[in-house]
Amino acid sequence: MVDCSLISLIRGAIPPDPPYLSLSCTMSTDYFLHKGINFSSVMYSEERLDYVENEFQVRDDDVFNITFPKSGTNWMMEILSLICRNGDPTWCQEVPIWERIPWLDISGRWQLIDKEETPRFHSSHLPIQLFPKSFFTSKAKVIYTARDPKDVLVSLYHFAHETSLIKTPNSFEEFVEDFLQGTVPFGSWFEHVRGWMSMKDKSNFLFITYEELKQDHRGTVMKICKFLGKELKNEDIDSVVEHSSFNIMKENKMSNQSLAPDYIVNKNSFMRKGISGDWRTIFTKAQEEYFNRIYQEKMKNLDVKCLWDES
Ligand code: PPS
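Overview of the structure. None of these values were measured; they are calculated from a predicted model.

**So, the nonpolar core**
Ranked by internal contacts, the top residues of the largest apolar core, which has 96 residues, are F64, I143, W189, W196 and I224. Here this core takes eight residues from helix α3 (residues 73–84), the largest share from any one element. Once you skip the residues sitting within four places of it in the chain, W196 turns out to touch I66, L126, P127, I128, F131, F135, V142, Y144 and F205.

Printed below as a string of structure tokens:
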């Protein structure tokens, strides 16, 4: 059973500044290559990535919220925060999202994670091959959220114009190529999903899609509760669903990233549209066919059907 009261007490004692503030305030977008994958030097470092992979000690009752960027990470962070508190939104209204379910892989303020009492919740965009080695002999749980890659691409493309974490693309066409080649931060979406899906039959792994959350928000929240061994009353589940809705998160300054510095994300641009299928507004027919061809090639033999495969 998950009980997060201790975490919040401990976290409550820590000032709610974003992890980014402890980093150098540079606006330039630089990547460094770590084991063949691009990372933004604005918030990531070789030291931290090496530490996370080789030294970070995963505990059996840790829970990891893992995604490729722009797949619904913050949405899941909000859902998990609310589940922890039996649907009570106070924590979400008073503590920034990055303090509640902190990032494992980001440099700065990570001591917060290392010193916390259990159970600990972490967020991460890491591909499986860079994940802590100690995870693979633990019983820690992973919730992996995936999203239609064409929507991920479009969300990332817009985000790239609002942040110094991603190089601003010269054109959408160029960005499609970067995404398909896996030269965007965190590498190839295909490798990321394929890598994590190798865990799909394990009992400590839950695969969720953004589309599933959109289609059946309540049912998916219940599925997450079951996976975590957390029993919530009907009205508590209603509250989780209500307070993790797009509109409420968009208005909540603790959740909408408006407290983050502009070089991380321009004000009020993070909660952009929150819909499925936005790719249709920007992909040309030729780009769609090209993308689908590569998708089929790269995802063949993967025994998983997602809602977006039906569209
Ligand atoms: S990040 O920067 O990688 O951590 O971004 P991430 O949180 O993974 O994804 C951001 C996209 O998720 C949308 N979002 C939501 N959609 C629906 N409901 C809720 N509650 C919600 N919260 C965040 C957010 O708007 C981004 O998608 P786009 O398509 O850009 O709107």
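Next comes the rest of the account.
**Here we look at the pairing of strand β4 (residues 121–124)**
The two faces of β4 match: F121 and S123 on one face and H122 and S124 on the other face are all buried. Relative to β4, strand β3 (residues 63–67) runs parallel, the two being bridged by four bridges. Looking at β4, one finds that V63 is bridged to F121.

**Re the layout of surface pockets**
Estimates place the volume of the largest pocket at around 800 Å³. In terms of lining, the largest pocket is formed by 41 residues, of which the most central are K70, T73, N74, S155 and F270. Counting residues per element, the ones that place at least two in the lining of the largest pocket are α3, α7 (149–160), α10 (210–215) and α13 (246–251). Tallied by class, residues from the lining of the largest pocket come to 21 nonpolar, 14 polar and six charged.

**Considerations on the packing of aromatic side chains**
Counting across every chain of the model gives 28 aromatic pairs. Each ring, one from W75 and one from Y210, has its centre 5.2 Å from the other, and the planes form 75 degrees; the classification is edge-to-face. With W75 in helix α3 and Y210 in helix α10, this pair connects stretches of sequence that are 135 residues apart. Both residues of the pair, W75 and Y210, count as buried. A centroid spacing of 6.3 Å and a plane angle of 45 degrees characterise the contact between F190 and F291, whose relative ring orientation is tilted.

**So, the side chain of S269**
With respect to the helices, strands and loops of the structure, S269 is situated in the loop between α13 and α14 (285–299). Classification of S269 as buried rests on a relative accessible area of 16%. From its side chain, S269 meets the backbone oxygen of N266 in a polar contact 2.7 Å long.

**Some words on the packing of α7 against α14**
The contact between α7 and α14 brings their axes to 11 Å, and the two run at 120 degrees. Viewed along their axes, α7 and α14 adopt a mutual orientation that is oblique. In contact with P149, K150 and L153 of α7, α14 contributes E288, F291, N292 and Y295. Its residues assigned to classes, the contact of α7 with α14 shows four nonpolar, one polar and two charged.

**Regarding the site of the ligand**
The ligand sits among 21 residues. The nearest are T73, S155, Y210, K273 and G274. Contact between the ligand and G72: an oxygen atom at 3.1 Å from a main-chain N or O atom of the residue. Per-element accounting of the shell around the ligand gives the leading share, three residues, to α3. In the shell around the ligand, the residues fall into eight nonpolar, nine polar and four charged.

**Observations concerning unusual backbone geometry**
In this model, F186 sits at a positive phi of 75 degrees, which is unusual for a non-glycine residue. Looking at the element boundaries, F186 is found in the loop between α8 (172–181) and α9 (189–197). Exposure remark for F186: the relative accessible area of 5% places this residue in the buried category.

**Regarding the pairing of strand β2 (residues 37–40)**
On β2, burial covers both faces: I37 and F39 on one face and N38 and S40 on the other are all buried. Both strand β1 (residues 31–34) and β2 contribute to a ladder of four bridges, which runs antiparallel. Bridged to Y31 within β2 is S40. What sits between the antiparallel neighbours β1 and β2 is a turn of two residues, in which K35 has the positive phi angle 50 degrees.

**A look at the side chain of R100**
Within the element layout of this structure, R100 appears in helix α5 (residues 97–100). What makes R100 buried here is its relative accessible area of 0%. Of the polar contacts made by the side chain of R100, one reaches the backbone oxygen of V95; its length is 2.8 Å. One polar contact links the side chain of R100 to the main-chain carbonyl oxygen of M254, over a distance of 3.4 Å.

Here is what the cut-offs are and how they apply
Residues numbered from 1 in each chain as written. Predicted model: local features only at pLDDT ≥ 70, side-chain atom pairs only at ≥ 80, totals over all residues. Heavy atoms only, no water. Core = buried A, V, L, I, M, F, W, Y, C linked by side-chain atoms within 4.5 Å. Buried < 20%, exposed > 50% of the residue type's maximum accessible area, 1.4 Å probe, protein only. Helix = DSSP H or I, 4+ residues; strand = E, 2+ residues; numbered from the N terminus. Contact = heavy atoms within 4.5 Å. Pairing = 2+ DSSP bridges. 1 Å grid on protein atoms, 1.4 Å probe; cavity = no way out; pocket = protein on both sides within 12 Å on 5 of 7 lines; lining within 4 Å. Points joined across faces, edges and corners; volume = space filled by probe spheres on them. Nonpolar A, V, L, I, M, F, W, Y, C, P; charged D, E, K, R; others polar. Phe/Tyr/Trp six-rings, centres within 6.5 Å; stacked < 30°, edge-to-face > 60°. Polar contact = N/O pair within 3.5 Å; in protein donor to acceptor, adjacent residues only side chain to side chain. Axes fitted to C-alpha atoms, helices over the stretch in contact; angles between N-to-C directions. Parallel < 35°, antiparallel > 145°, perpendicular 65-115°, else oblique. Near = heavy atom within 4 Å.

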